[in-house]
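Given next are the chains, with one letter for each unit.
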Amino acid sequence: MALDPTHTAVGTWSGGRFMRFGEPLPDDRFLPLIRPDADVRTVLTADTYGAGEADTLLGQALQGVPRDSYSLVGAVGHDFYFGEREGAKGFPRFTDPRLRGPEEYASYLRMATERSLERIGVDAFDLLLLHNPDRTGYTSAAVWEGMEALRSAGLTRLIGVAPGPANGFTLDVIECFERFGSQIDWAMLILNPMEPWPGELALPAAAAHDIKVITRVVDYGGLFHDDVRPGHSFAEHDHRMFRPEGWIERGIDRLERMRVVAERHGLTMLQLASAWNLAHAPVRSVVPTLIQEPGADARSVESKRAELAAVPAGPVLSDDEVAELRAVGDNFGSMALKGATPDHEGEQRPDRWPMDESLAEVAGRWGIDPERDLRKAGAAV
């Protein structure tokens, strides 16, 4: 029996192998971490992680696991087959006009999906996401006809969109819901009690179009794992070293103010963050990054997976508690957003572009004022 994404999930970006969060785990710890089981039944991967290596390792982890016992979520969109890596920006999107035109979108998507499935060693995904789309990916009928063709071909049962990798893309993803909501089953958004903004702005549109939501970065850079403190020693090249100075101190202050709610319900802080996300109607799944921090005395990543496995499936928090936590963690205007925002000046880039009339109309339909709701605090108006 096919399985939709469950309320808890693990991604192949955990364990430090393909995204620089914490120490990279050896195979004997990484494979059990990402292997779905009776406690965490959903696993997510993306073909671009390690240019296919994450898929291959996931295939090893899945050996012997009955296919109908877990939900498999994949993602395609970055072209590492024909594109050249552009430093920290990674591989270009497959919709980059330097690589191909709209007439070739469907054939690329099919090739990339079939290659990913082959590496994993399965016949089909339960859910396939369009990974980190550019402006074309959000708006092109040719892209979504290509995604729908994958469903028709039996390569996936469900399709969706995964904006990212940074915060933003608010109006873009809402416009995508409006254009292609009859086809889109799931979306993946950044959301946690310390980052309600801007992800929460897209939730009403998701609900209106009956689109279910997977939420990532639930752990807020590891703070909700409750083992990152001021003066923390990060692993070499850890991605979190790019966060603004003082983010840990500010986060810890908010974490401690939230702890009383966690203790009231007998939850760990990660479980509290997960319960907060799941309290939002369209949110059906949480997928935090599971991080092995450096040092002999660091908490084990296995204990963090066990915490995730124990996240309650049903409602936990009252509406008042959800509002209370949101007020403590409010991050409104804390950063410049990606995608279309009034902060962007200049030409369109793969992850940032100017507002246009179409997006302004989208904002109006959903009660969003871009000047008020999508600018970094203190940005010029």
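As a reminder, the structure under discussion sits directly above these lines.
Every chain is numbered on its own, with residues counted from 1 as its sequence reads. In keeping with the predicted nature of the model, local features appear solely for residues at pLDDT of at least 70, side-chain atom pairs appear and are counted solely at 80 or more, and the whole-chain, interface and lining totals rest on all residues. Only heavy atoms go into the side-chain values, all of them from the structure, while hydrogens and water stay out.

### Some words on the overall build of the protein chain
In step 1: Labels follow the DSSP assignment, with helices taken as runs of H or I lasting at least four residues and strands as runs of E lasting at least two, numbered in each case from the N terminus. Secondary structure assignment for the protein chain yields 13 helices and 10 strands.
In step 2: Only C-alpha atoms enter the radius of gyration, while the globule expectation follows 2.2 Å times N to the 0.38, with N the number of residues. What you see for the protein chain is a C-alpha radius of gyration of 20 Å, in line with the 21 Å of a compact globule of 381 residues.
In step 3: Principal-axis analysis of the C-alpha atoms places the extent of the protein chain at approximately 55 × 55 × 40 Å.
In step 4: Type-normalised accessible area, obtained with a 1.4 Å probe on protein chains alone, sets the label of each residue: buried when under 20%, exposed when over 50%, and partly exposed for intermediate values. Across the 381 residues in the protein chain, those meeting the buried criterion constitute 57%.
In step 5: Residues are treated as being in contact if the distance between any of their heavy atoms lies within 4.5 Å. A sequence separation of at least 24 residues applies to 75% of the contacts in the protein chain between residues at least 6 apart.
In step 6: Per-residue and other accessible areas follow the Shrake-Rupley method at a 1.4 Å probe size, with only the shown protein chains counted as cover for residues. Per element, the accessible surface of the protein chain, about 15500 Å² overall, is 51% carbon and sulfur.
In step 7: His is not counted here, nor are the chain ends, while Lys and Arg score as positive and Asp and Glu score as negative. The location of each charge is read from NZ of Lys, CZ of Arg, CG of Asp or CD of Glu. Treating the 40 positive side-chain charges of the protein chain as one cloud and the 59 negative ones as another, the clouds have centres 1 Å apart.

### Concerning unusual backbone geometry
In step 1: With an omega of 5°, the peptide bond running from Gly-164 to Pro-165 counts as cis.
In step 2: Cis geometry is adopted by the peptide bond preceding Pro-198, which originates at Trp-197 and carries an omega value of 0°.
In step 3: Here Pro-198 shows up in the loop between β6 (186-190) and α7 (203-208).
In step 4: For Asp-210, which is not glycine, the phi torsion reads 55° and is therefore positive.
In step 5: Within the secondary structure layout, Asp-210 lies in the loop between α7 and β7 (212-216).
In step 6: What makes Asp-210 exposed here is its relative accessible area of 57%.
In step 7: Of note in this structure, Tyr-220 is not a glycine but carries a positive phi near 50°.
In step 8: In this structure, Tyr-220 sits in the loop between β7 and α8 (247-265).
In step 9: According to the relative accessible area criterion, Tyr-220 is buried, its value standing at 8%.

### Describing the side chain of Arg-254
In step 1: Mapped onto the elements, Arg-254 comes out in helix α8.
In step 2: Among buried charged residues, Arg-254 stands out as having no salt bridge; its nearest opposite-charge side chain is Asp-253, 6.4 Å away. The rule for a salt bridge is simple: a side-chain nitrogen of Lys or Arg has to be within 4 Å of a carboxyl oxygen of Asp or Glu.

### Observations regarding the nonpolar core
In step 1: Trp-144, Phe-177, Phe-224 and Leu-272 are the most contacted members of the largest nonpolar core, which totals 110 residues.
In step 2: Here Phe-224 is in contact with Asn-192, Pro-193, Met-194, Val-218, Asp-219, Leu-255, Met-258, Met-269, Leu-270 and Ala-273, once residues within four sequence places are set aside. Put simply, buried Ala, Val, Leu, Ile, Met, Phe, Trp, Tyr and Cys residues joined by side-chain atoms within 4.5 Å make one nonpolar core.

### Some thoughts on the side chain of Arg-93
In step 1: For Arg-93, the position within the fold is in the loop between β3 (71-76) and α3 (105-120).
In step 2: In terms of polar contacts, Arg-93 uses its side chain to reach the backbone carbonyl oxygen of Asn-132, at 2.7 Å.
In step 3: Residues within four places of Arg-93 in sequence aside, it is in contact with Gly-77, His-78, Asp-79, Leu-99, Asn-132, Pro-133, Asp-134, Gly-164, Pro-350 and Asp-351. Here a polar contact is recorded for every N or O atom pair within 3.5 Å, except that within protein the pair must consist of a potential hydrogen donor and a potential acceptor, and residues adjacent in sequence are included only if both atoms are side-chain atoms.

### Observations regarding the pairing of strand β8 (residues 283-287)
In step 1: When you tally the buried positions in β8, you get four out of five residues, the bulk of the element.
In step 2: With four bridges connecting them, β7 and β8 associate as parallel partners. Following the sheet pairing, Ile-214 is matched in β8 by Ser-285. For two strands to be treated as a pair, DSSP must find no fewer than two bridges joining them.

### Quick word on the pattern of salt bridges
Pairs can form between side chains of opposite charge once their charged atoms are near each other.
In step 1: All told, the structure shown has 34 salt bridges when counted by the stated rule.
In step 2: For Glu-256, the salt bridge is made with Arg-259, and the minimal N-O distance between the two is 2.8 Å. One end of the pair, Glu-256, and the other, Arg-259, are both in helix α8, three residues apart, so they sit about a helical turn from each other.
In step 3: You can call Arg-259 buried: its relative accessible area is 19%.
In step 4: With its nearest N and O atoms 2.7 Å apart, the salt bridge here joins Arg-372 to Asp-373.
In step 5: Under the relative-accessibility criterion, Arg-372 is labelled partly exposed at 48%.

### Observations concerning the packing of aromatic side chains
In step 1: Stacked, tilted and edge-to-face are the three classes assigned to paired rings of Phe, Tyr and Trp, where Trp is represented by its six-membered ring and a pair needs centres within 6.5 Å; plane angles under 30 degrees give stacked, over 60 edge-to-face, the rest tilted. This model, assessed by the stated rule, comprises 13 aromatic pairs.
In step 2: The interplanar angle of 65° and the centroid separation of 6.4 Å between the aromatic rings of Tyr-81 and Tyr-108 together place this pair among those described as edge-to-face. Here Tyr-81, found in the loop between β3 and α3, pairs with Tyr-108, found in helix α3; they are 27 residues apart in sequence, far enough to count as distant.
In step 3: Accessibility expressed as a relative area gives 3% for Tyr-108, which makes it buried.
In step 4: With a centroid separation of 6.0 Å and 55° between ring planes, the pair formed by Phe-169 and Trp-353 is classed as tilted. Here Trp-353 lies in strand β10 (residues 352-353) and Phe-169 lies in the loop between β5 (156-162) and α6 (170-180), a separation of 184 residues in the sequence.
In step 5: For Phe-169, a relative accessible area of 1% gives the class buried.
In step 6: By relative accessible area, which is 0% here, Trp-353 ends up buried.
In step 7: Taken together, the aromatic side chains of Phe-80, Tyr-81, Phe-91, Phe-94, Tyr-105 and Tyr-108 make up a single cluster linked through ring pairs.
In step 8: Positioned above the aromatic ring of Phe-30, the side-chain terminus of Arg-17 is 5.3 Å from the ring centre.
In step 9: Think of it as a cone above the ring: NZ of Lys or CZ of Arg counts as a charge over the ring if it is within 6 Å of the ring centre and within 35 degrees of the ring normal. Positioned over the ring face of Tyr-220 is Arg-243, at 4.8 Å from the centre of the ring.

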